Each structure stands twice: as structure tokens, then as C-alpha cells.
Amino acid sequence: AAKIRSEFPQAQVINLAYYKYKLPPRFPIEPNVIVGYVSALPRWAAQKPVVLGQLQSWARKSPAGLYVFDNFSLHNFYEHLYGTCMIMPRTIHDFCKSTAGLIDGVNINMRSGPHKNRDLTFENQPVEHLNVYMWGRCLWDSDLDIEKELAEYFDLYYGPAGEPISKVVELIENRWIQAAHNSQRRVASLGE
């Protein structure tokens, strides 16, 4: 990054922080480094303090930008989840509210076509439209009234079916949150 900065003063370098490399280095980073913190939103409810702490650690390094690369659509990476719905509007709202002023933006990774390794035709966009919509609304205004926003969304998008659909969405989101907590507990118990 330093060499690039000396040769190309306007250029920036992106560093992706993920897997074992979620924490910043102990030494200062160059002022032309953009950090892309790679997370997975389904784990937010179980790992919120950890993720916030890591983001705050990166922010203290004063990067040129701090972005979250979010793989909330994990079908790209985990074949056994392919075809499942990952809908989490309240989680997205909490994430945006908790990281307001800390991050500069979010890059959303979504499956946009059939899985490369299988002859499957499931598309995420129709079932995950609410996620994308909520990202836009919550990044624009992290203090919005989430329940009011959801009621309006379900009414405008689904009409008379809005109320039963909202119950299904809440069930799906609660299942993911519960699964994340159970998985965290299992991982923690392995270290004991």
C-alpha cells in the first residue's frame, strides 16, 4: 500500500478482513487502505458484541474506508442451504442502527442465478427482496420505526396477503436467530 501510494497518490488498496483475519494488525495501516470486513448477517444476533468490537478496532486504524461485505445469502458458499429462505429485516435494522457512523457502507453478496455446481433453478431475488429493500431503507435511516416500515412493506407488496406473509417472515427470521445462537453455544462448548 505504501509503494502504491508513493507511485499513485490517488490510488487506494482494499484489504478484505475475513475468516481468521477479522482483527486489524497491531501496526498502523497506510492511509490509502480501504477495509472490507467480510461478515455473515445470519450470525449477527449471536455475535453482535464481537463483530462490533472488531469493526471498532478497524475504525481506530483510520482506514480510507470501512465497508462490510455481507454474505447474508450464504447459498453462494454453503450448498446445503441452497433453496432456503434467509429473510431477516429486523436483524438488518439492528445491524444498521448499531453500525451507524462506524462503517461507510455495505456490499451485499447475493446469488443471482442457478448454483454453479448443480442444476438448480432457485433464485434468491424474489424471496429475499425484503432483505434488499430493508438494507436500502435502514442504511438511509437507521432510526426508522422498523415495525411501521414492515407493516407498510407487507401492505404495499402483498396487499391482502400481507398479514400472513409477515408472520411467515417473522418465523423465518426467528428460526435463523435461534439456529445462530445454538451454533454459537455448540462452538463454545467445544472449547471447554
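As shown above, the structure is provided for reference.
One structure accompanies this document, and this report is about it. Predicted model, so just to flag it, every value in this text is computed and none were measured.

How each quantity is defined
- Residues numbered from 1 in each chain as written.
- Predicted model: local features only at pLDDT ≥ 70, side-chain atom pairs only at ≥ 80, totals over all residues.
- Heavy atoms only, no water.
- Helix = DSSP H or I, 4+ residues; strand = E, 2+ residues; numbered from the N terminus.
- Buried < 20%, exposed > 50% of the residue type's maximum accessible area, 1.4 Å probe, protein only.
- Polar contact = N/O pair within 3.5 Å; in protein donor to acceptor, adjacent residues only side chain to side chain.
- Contact = heavy atoms within 4.5 Å.
- Salt bridge = Lys/Arg side-chain N within 4 Å of Asp/Glu carboxyl O.
- Disulfide = S-S within 2.5 Å.

**Notes on the side chain of glutamine 54**
At step 1: Here glutamine 54 lies in helix H2 (residues 44-60).
At step 2: Glutamine 54 sits in the buried class, given a relative accessible area of 14%.
At step 3: A distance of 2.4 Å separates a polar atom in the side chain of glutamine 54 from a polar atom in the side chain of tyrosine 37.
At step 4: Setting aside residues no more than four positions away along its own chain, glutamine 54 makes contact with Lys22, Leu23 and Tyr37.

**Some words on the pattern of salt bridges**
At step 1: Across all of its chains, the model carries 9 salt bridges by this definition.
At step 2: Between glutamate 7 and lysine 3 there is a salt bridge, with its nearest N and O atoms 3.1 Å apart. Taken together, the residues glutamate 7 and lysine 3, both in helix H1 (residues 2-7) and 4 residues apart, mark about one turn of the helix.
At step 3: Taking the relative accessible area as the measure of exposure, glutamate 7 reaches 47% and is therefore partly exposed.
At step 4: Between glutamate 173 and arginine 90 there is a salt bridge; the shortest N-O distance is 3.5 Å. Of the two residues, glutamate 173 sits in helix H6 (residues 162-190) while arginine 90 sits in helix H3 (residues 89-99), which places them 83 residues apart along the sequence.
At step 5: With relative accessibility at 25%, the residue arginine 90 sits in the partly exposed group.
At step 6: Three or more residues joined by partner-sharing salt bridges are found here, namely Arg90, Glu147, Glu170 and Glu173.

**Focus: the state of the cysteines**
At step 1: Scanning the entire structure with this criterion turns up 0 disulfides.
At step 2: Not engaged in a disulfide, the cysteine cysteine 96 finds its nearest cysteine sulfur in cysteine 138; these two sulfurs lie 5.0 Å apart.
At step 3: By relative accessible area, which is 3% here, cysteine 96 ends up buried.
At step 4: Given the relative accessible area of 1%, cysteine 138 is considered buried.

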